[in-house]
Amino acid sequence: MKYWRVFFAFVLALAVLFHPLSAEAANKRVAGKRAVANKDFSNKTLIASEFTKLNLENSNFSNSDLRGAVFNGSTLAGANLHGADLSDGIAYLVDFKGADLSDANLTEAMMLYSTFDDVDITGADFTNAVLDGFQIKKLCAVASGVNSKTGISTRKSLECD
């Protein structure tokens, strides 16, 4: 009887680990190498959603609630995150090339090993966000504006001055 419980627990664990879940699932997890480029996620509540190894190029996340969301190894090149709340989120190894991060709330976000080439960060709030030092210098070169929701200037939040 004891072995059947262990066997059942093992099978259940495998099923949970390998069963793909959609973005609309309970834990809102999207993983894999699927292309979901050009999708409209605007004005959605996607709290604690996971986007792993996805091509989200040119997708629209404007004004979405992404608090605690995880973007891991994904491409957000050309994506629209204007006014999005990604506070307490994680963007690890994410390509933000040409993305619109204007007026986004990125407070306390972990954004290590991510690239920010040609991004619009006008009014973005990076207060206590963790970024690579050379990326902060790159962002400080173009930082301007004040976040409409937090009232914090982009330059101050990046500690440019």
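Procedures and definitions
Residues numbered from 1 in each chain as written. Predicted model: local features only at pLDDT ≥ 70, side-chain atom pairs only at ≥ 80, totals over all residues. Heavy atoms only, no water. Helix = DSSP H or I, 4+ residues; strand = E, 2+ residues; numbered from the N terminus. Buried < 20%, exposed > 50% of the residue type's maximum accessible area, 1.4 Å probe, protein only. Contact = heavy atoms within 4.5 Å. Areas by Shrake-Rupley, 256 points an atom, 1.4 Å probe, with all protein chains shown as cover. Disulfide = S-S within 2.5 Å. Phe/Tyr/Trp six-rings, centres within 6.5 Å; stacked < 30°, edge-to-face > 60°. Polar contact = N/O pair within 3.5 Å; in protein donor to acceptor, adjacent residues only side chain to side chain. Core = buried A, V, L, I, M, F, W, Y, C linked by side-chain atoms within 4.5 Å.

1. Side note on the overall build of the protein
Along the protein, the regular secondary structure elements total three helices and four strands. Counted from the first residue to the last, the protein has its helices and strands arranged as α-β-β-β-β-α-α. Here the protein, with 161 residues, has 39% of them falling under the buried criterion. Here the contacts in the protein between residues at least 6 apart in sequence split such that 8% fall between residues at least 24 apart. Carbon and sulfur atoms make up 58% of the accessible area of the protein, which amounts to about 9,000 Å² in all.

2. What to know about the state of the cysteines
Tallied over the full model, the rule gives one disulfide. Paired through a disulfide, Cys-140 and Cys-160 show a sulfur-sulfur distance of 2.0 Å. The S-S bond linking Cys-140 to Cys-160 shows a torsion near -90°; that makes this disulfide left-handed. Taken together, the residues Cys-140 in helix H2 (residues 133–140) and Cys-160 in the segment after helix H3 (154–157) connect sequence positions 20 residues apart. When its relative accessible area of 15% is taken as the criterion, Cys-140 is described as buried.

3. Regarding the environment of Asn-63
For Asn-63, the position within the fold is in the loop between strand E2 (50–52) and strand E3 (70–72). By relative accessible area, Asn-63 is classed as partly exposed at 39%. Remark: the alpha-carbon pair of Asn-63 and Phe-41, spanning 22 residues in sequence, is separated by 9.1 Å.

4. Looking at the packing of aromatic side chains
This structure, assessed with the given rule, holds seven aromatic pairs. Consider the rings of Phe-41 and Phe-51, whose centres lie 5.9 Å apart with planes at 75°: the pair is edge-to-face. In this pair, Phe-41 sits in the loop between strand E1 (29–31) and E2 while Phe-51 sits in strand E2, placing the two residues 10 residues apart along the sequence. Residues Phe-51 and Phe-61 carry aromatic rings whose centres are separated by 5.8 Å and whose planes lie at 85° to one another, so their mutual orientation is edge-to-face. Within this pair, whereas Phe-51 is found in strand E2, its partner Phe-61 is found in the loop between E2 and E3, the two being separated by 10 residues in sequence. The two residues Phe-51 and Phe-61 agree in class, both being buried. In this structure an aromatic cluster arises from ring pairing among Phe-41, Phe-51, Phe-61 and Phe-71.

5. Some remarks on the side chain of Ser-114
For Ser-114, the location among the structural elements is in the loop between strand E4 (90–92) and H2. By relative accessible area, which is 1% here, Ser-114 ends up buried. A polar atom in the side chain of Ser-114 sits 2.7 Å from the backbone oxygen of Ala-91. Leaving out residues up to four positions away in the same chain, Ser-114 has contacts with Ala-91, Tyr-92, Leu-93, Val-94, Phe-96, Asp-132 and Gln-135.

6. A few points about the side chain of Thr-154
By secondary structure assignment, the location of Thr-154 is in helix H3. On the basis of relative accessibility, which here comes to 0%, the residue Thr-154 falls in the buried class. A polar atom in the side chain of Thr-154 sits 3.1 Å from the backbone nitrogen of Gly-123. Once you skip the residues sitting within four places of it in the chain, Thr-154 turns out to touch Ile-121, Thr-122, Gly-123, Ala-124, Phe-126, Ala-143, Ser-144 and Gly-145.

7. Quick look at the nonpolar core
A general tendency of soluble globular proteins is for nonpolar side chains to be buried together. Phe-61, Leu-66, Phe-71, Phe-96 and Phe-126 are the most contacted members of the largest nonpolar core, which totals 35 residues. For Phe-126, the contacting residues outside a window of four places in its chain are Leu-106, Met-111, Ile-121, Leu-131, Leu-139, Thr-154, Ser-157 and Leu-158.

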